[in-house]
Amino acid sequence: MLRLEKRPQPSREWTALSPLLAVALTMLVGGILFAILGANPFEAIRTIFWDPIFSEQFSGFTRPQLLVKAGPLILIAIGLSIGFKAGIWNIGAEGQYIMGAICGAGAGLAFYPSDSVLIFPLMLIAGALGGWAWAMIPAILKTKLGTNEILVSLMLVYVAETILASVASGLLRNPDGMGFPGSRNFKEWDAAFNSELITGTGMHWGVVAAFIAVIAAYVLMSRHIQGFNIRLTGEAPRAARFAGVNPTRIVILCLGISGALAGMAGMFEATGPAGQVSIDFNAGYGFTAIIVAFLGRLNPIGILLAGLLMALTYIGGELAQLMLGLPGAAIQLFQGMLLFFLLATDVFTNYRLRLTKKEAV
Amino acid sequence: MNRRTLLATVAAATIVSTAAWADDAVTAGFIFIGPVGDGGWTYEHNQGRLAVEEAYGDKVKTVYQENVPESADAERAITQMALAGADIIFTTSFGYMDPTLAVAAKFPNVKFEHATGYKQADNVATYSARFYEGRAVQGHIAGNMTKTNKIGYIASFPIPEVIRGINAAYIHAKEVNPDVEFSVVWAYTWFDPAKEADAARALIENGADVVLQHTDSTAPQAAAKEAGNVITFGQASDMADYGPMPRVSSIIDNWGPYYVDRVGAVMDGTWTSGNTWDGIAPGMVGIGEISDAVPAEVKASALALKDSIASGEYHTFTGPLKKQDGSDWLADGETADDGTLAGMNFYVEGITADIPN
């Protein structure tokens, strides 16, 4: 008989192995799904995982797009992972992302059509502050009133979406847009446009910021005393308190970092790839980043790889829709499987299977 | 052999070469905002795509991508379609406007058709339908049918197209029922069954016995059915499954003829950019069967209204009309010009709500 037995220590091998196993299982079950839908499963898997990087026809365009898609995911996920390590669950990065975009774009548009070099840095700061301030609401409510940050941050996403709809059709609306909603297009305004730094690479400031965040988070979590405090708070809250760690400060710090990074991501996206603040401009990065954070084991390097993998499934999934006529829902299912199998294989990090003999009756 | 297995076979056959589509057929691509099974807006665009396949058979190949958000993702989806070798690409939602223009600039040999936008280029044409003509007929039926004199309206986004619809429905409801009141709920989505159902329930709870919708799912129909004595109208698609009650009629978008025409123009090399805005007369806007839940005389007058719009004898926006703030808009007998309609950002007199901004 098979039985799950708790391990005395989480297994290091399984921690590293489970994401790889999850990807393999996703390919296997996804392949079966695609076959049932009438597509050649090998062709489909190849289109999703191989073509965006290596296909002659597409890769010239899709390879840089991987960075464009992964940049905000990584940036947000890094912020979230710091909080998650401390047991602070910011589920509302999507809202902070939206507020960052609104504040960043708004700060710039207030000076339209200035061509000062200070415009873009100003927008960046405003974007980070916008996301930070939005994250401070659950932080302060949690520390002062003991509310649950999961609920508050999540509900604030819907508030942010409503504010976005309002400013896109009012305050920030393009005055030359014939009454249609949506801000001015930043691609037509050099001083504020988050352009590709090297043509054809997809590298914009947001991608650079994501890489910097990966390094900074690595240093913070493994070399800095605050990183130690954060981990301690998550793993042993009582011990942390005895060690003199102030839980209020940790909450403020973690939500603040994740909010500011999500806000920056929103600002980079609005002024770069998206080009404008429009009613529907948020595309779920804040939620997908939660998956990326866990897929990357809350580890900065892991998140970097997970973000790129997630971007690959998005872009490859689009190609599979386009070239093989697979329905969009099948691709979403495929992405969902990835998290499902990760959580499933994660069981083996903390438990092991034991074969037990049937006991004599 | 269905289309998917066919495509897979073709793709498998060309597994070595990277270009998966044959070059002798013209390829028409479609970018969709919702799923093709939404039963409304995207469903009808997909019907148009199927009409193209039907019309040209082997000479055309169609591809589509569904659920494409109006974000940075749109530009990528359109670019990939162009890279894959599409000859003409229809982008079927307003938010694809700037992405379509941006991609079009990079692919001068590919033709682009953007639905409901206002920016054109040498290789970007725009097209839309005069849905407001259908709204007039809806408003006429709604004004006649309401007993509580409260009409609920589920609006998507405060853009001219939606505001035109509200005005057209209101004017023609008011014409037959001076006591009628409109409550507008802004859902800020084109397709979100849960939100749409909530909006419908809220309107019904507040006494509305007619619910009009400018969102794409059938959820409001289901909510009305659940509530009982409430009538609705199919949006974008006939939504006949919900007839004869609550769905008493519908506005049907009929894109097929336009798509067939434009793809044909690409085939014979006569495609040129332009702006098409067709209504009931050429058949781009259809009025779905008016069900028996509507009294015969109301049905007859509604059809008469439809015919007078189709023949050009009557314009949906004919003066005297005032704006909401009481200022004059159209003098007696004057009709609205397309420019004003295209950018309409005001309510007509009598609507009590404000346009959110």
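How each quantity is defined
- Residues numbered from 1 in each chain as written.
- Chains lettered and ligands numbered in written order.
- Predicted model: local features only at pLDDT ≥ 70, side-chain atom pairs only at ≥ 80, totals over all residues.
- Helix = DSSP H or I, 4+ residues; strand = E, 2+ residues; numbered from the N terminus.
- Rg over C-alpha atoms; globule rule 2.2 N^0.38 Å.
- Buried ≥ 20, exposed ≤ 12 C-beta atoms within 10 Å, placed from the backbone.
- Contact = placed C-beta atoms within 7 Å.
- UniProt positions renumbered as here; feature names shortened; annotations may be inferred.
- Domains from an automatic or database assignment.
- Nonpolar A, V, L, I, M, F, W, Y, C, P; charged D, E, K, R; others polar.

J.: What exactly am I supposed to notice about the overall build of chain B here?
T.: When helices and strands are counted, chain B shows 11 helices and 14 strands. Relative to the globule expectation of 21 Å for 357 residues, the C-alpha radius of gyration of chain B, 21 Å, shows essentially globular dimensions. Structurally, chain B occupies a C-alpha span of about 70 × 45 × 35 Å along its principal axes. Across the 357 residues that make up chain B, the buried fraction comes to 55%. Pairs at least 24 apart in sequence give 65% of the contacts found in chain B among residues at least 6 apart.

J.: Would you mind showing me how to read the UniProt feature "transmembrane region" (unreviewed entry) in chain A here?
T.: Residue and element names in this part refer to chain A. Per the UniProt record, "transmembrane region" (unreviewed entry) is annotated on residues 20-39, 66-84, 96-112, 118-141, 150-172, 203-221, 250-268 and 329-348. The distance separating the terminal C-alpha atoms of residues 118-141 is 35 Å; by composition the span is 96% helix and 0% strand. A distance of 26 Å separates the end C-alpha atoms of residues 203-221, which is 89% helix and 0% strand.

J.: When you look at the domain arrangement of chain B in this model, what are you seeing that I'm missing?
T.: How large an interface is tends to be reported as the accessible area lost when its parts come together. Residues and elements named next belong to chain B. You can read the domains of chain B as domain 1 (3-130 + 255-278) and domain 2 (131-252 + 286-342). A straight line from the C-alpha centre of domain 1 to that of domain 2 covers 30 Å. Taken together, the contacts link 15 residues of domain 1 with 16 residues of domain 2. No other element matches the 4 residues that helix H2 (residues 41-56) contributes to the side of domain 1 that touches domain 2. Broken down by class, the residue content of the side of domain 1 that touches domain 2 amounts to 7 nonpolar, 5 polar and 3 charged.

J.: Hey, could you run me through the interface of chain B and chain A in this one?
T.: Residue-level contacts link 41 residues of chain B with 39 residues of chain A. At the level of secondary structure, the elements contributing two or more residues to the side of chain B that touches chain A comprise helix H1 (3-13), strand S2 (60-65) and helix H3 (72-83) of chain B. In terms of residue count, H3(B) provides more of the side of chain B that touches chain A than any other element does, 8 residues in total. Class assignment for the residues of the side of chain B that touches chain A results in 22 nonpolar, 12 polar and 7 charged.

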